[in-house]
Amino acid sequence: MTSGQTNEQNTPSVVQDGGAAAASGFSLPQSLFAQKPESLYQVKRIRCGNVNCWLVTGSKALPTNGSVLVDAGRAADYPKLEQICRENRVKLILLTHGHPDHAGSAGQLQKNLKIPVAMGKKDLPLLEHPDARPLYCRGFLGKAMLAMAKKGLSQPGTPFMPELLLEGGEDFYRYGFSIRSIPLPGHTAGSIGYEINHQYLCTGDAVMNLPWPTPARLFEDAEQAHQSAAKIAGLGKRILCPGHGSSLVNRQW
């Protein structure tokens, strides 16, 4: 492994204010983005191509004896994610939804590293058949994204059984983290967001930042996707960690 690979895999970029605050409907103090000892959690972006995973670790002020990984990339991302999970003692994997670009390595990580996996109950069929439910789109860019997505969705998945099937509202204090699940249906019926210490929200594809901030461009249910975007906005001051693109500040969607 080269030194470049080490930096990429072991030191994913820390969530930063990407300049979105000025355009946001909310205003967050800069201190929220600083890496200070008193901060309870660090949330780091792990890039797997154009897909994000997010590594949640506790600070020295709140030792948690491990980390949590939100989303598990594609099956091809397994070697990279395996190393990250080992080196950061990942003890729980939280999936935002069942599409293979977000859940592709979860089964292997579960099997080989004995890491429990949690995901939305309604997305369980997507693990084996990613195209089990049709996706729709909005806008010209949405059509282009849907065309690219269809190839991956048409491939057989890697089915496995998550230990935790979620409906939303669950917390993960028993794993040592102030994380709660929030149902965000629309992109998929079982899409789940993960709120970390009332400060960060991993949105999956309910909100993305590719190529600019937007609610879901692809969805199973347009009205549910709209309602989930409104739910995210209603949370107020949060740093959003999307499934695609860099972190951003919450806003009115």
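The structure under discussion appears in the preceding block.
Residues numbered from 1 in each chain as written. Predicted model: local features only at pLDDT ≥ 70, side-chain atom pairs only at ≥ 80, totals over all residues. Heavy atoms only, no water.

**Regarding helix H4 (residues 106–113)**
Here comes step 1: What H4 keeps buried is the set Ala 106, Gly 107, Leu 109, Gln 110 and Leu 113.
Here comes step 2: Contact partners of the buried residues in H4: strand E3 (67–70), helix H2 (78–87), strand E4 (90–94), helix H3 (100–103) and strand E5 (117–120).
Here comes step 3: Backbone geometry just downstream of H4 places Lys 114 in the positive-phi region, at approximately 60 degrees. (Buried < 20%, exposed > 50% of the residue type's maximum accessible area, 1.4 Å probe, protein only. Helix = DSSP H or I, 4+ residues; strand = E, 2+ residues; numbered from the N terminus. Contact = heavy atoms within 4.5 Å.)

**Some words on the layout of surface pockets**
Here comes step 1: Taken as a whole, the largest pocket holds about 690 Å³ of empty space.
Here comes step 2: Along the wall of the largest pocket there are 30 residues; nearest its centre are Arg 74, Asp 101, Met 148, Ala 149 and Gly 152.
Here comes step 3: Listed by contribution, the elements that provide at least two residues to the lining of the largest pocket are H3, helix H5 (124–128) and helix H6 (139–153).
Here comes step 4: With 7 residues, H6 is the largest single contributor of residues to the lining of the largest pocket.
Here comes step 5: Across the lining of the largest pocket, the residue classes break down as 16 nonpolar, 10 polar and 4 charged. (1 Å grid on protein atoms, 1.4 Å probe; cavity = no way out; pocket = protein on both sides within 12 Å on 5 of 7 lines; lining within 4 Å. Points joined across faces, edges and corners; volume = space filled by probe spheres on them. Nonpolar A, V, L, I, M, F, W, Y, C, P; charged D, E, K, R; others polar.)

**Details of the sheet that holds strand E9 (residues 192–196)**
Here comes step 1: Spatial strand order, E8-E9-E10-E14-E15: 5 strands in an open sheet with mixed pairing. Two strands close off the open sheet at either side, each with one partner strand: strand E8 (179–183) and strand E15 (248–249).
Here comes step 2: Two strands pair when backbone bridges link them, and E8 and E9 are joined in this way by 5 bridges, in the antiparallel orientation. Across the sheet, residue Arg 180 finds its bridge partner in E9, namely Glu 195. (Pairing = 2+ DSSP bridges.)

**Quick notes on H6**
Here comes step 1: The end-to-end C-alpha separation of H6 is 20 Å, in line with the 21 Å expected for 15 residues at 1.5 Å each.
Here comes step 2: Those residues of H6 that sit buried are Gly 142, Met 145, Leu 146 and Leu 153.
Here comes step 3: Considering only its buried residues, H6 is in contact with H3, strand E6 (136–137), strand E11 (207–209) and strand E13 (218–219). (Expected span 1.5 Å × (residues − 1).)

**Some thoughts on the sheet that holds E4**
Hydrogen bonds between backbone atoms are what pair the strands of a sheet, whose relative direction is either parallel or antiparallel.
Here comes step 1: Strand order in the open sheet made by the 6 strands is E1-E2-E3-E4-E5-E7, with mixed pairing throughout. Looking at which strands have only one partner, the edges of the open sheet turn out to be strand E1 (41–48) and strand E7 (164–166). Between one strand axis and the next, the sheet turns by 20 degrees as a mean value, whatever way the strands run.
Here comes step 2: Here strand E2 (residues 51–58) pairs with E3 via 4 bridges, running antiparallel. Residue pairing for E3: Val 56 is matched across the bridge by Val 68. (Axes fitted to C-alpha atoms, helices over the stretch in contact; angles between N-to-C directions.)

**Looking at the environment of Ala 206**
Here comes step 1: Mapped onto the fold, Ala 206 is located in the loop between strand E10 (200–204) and E11.
Here comes step 2: For Ala 206, a relative accessible area of 7% gives the class buried.
Here comes step 3: It is 9.2 Å that separates the C-alpha atoms of Ala 206 and Thr 96, two residues lying 110 residues apart in sequence.
Here comes step 4: Ala 206 has contacts with Leu 184, Pro 215, Ala 216 and Ile 232, leaving out every residue within four places of it along the chain.

**Looking at the side chain of Asn 88**
Here comes step 1: Residue position: Asn 88 is located in the loop between H2 and E4.
Here comes step 2: Residue Asn 88 is classed as buried on the basis of its relative accessible area of 18%.

**Details of the pattern of salt bridges**
Here comes step 1: Within this structure, the stated rule accounts for 5 salt bridges.
Here comes step 2: For Arg 86, the salt bridge goes to Glu 82, with nearest N and O atoms at 3.2 Å. Placement of the pair is Arg 86 and Glu 82 together in helix H2, with a separation of 4 residues, close to one helical turn.
Here comes step 3: Arg 86 gets classed as exposed once you look at its relative accessible area, which sits at 52%. (Salt bridge = Lys/Arg side-chain N within 4 Å of Asp/Glu carboxyl O.)

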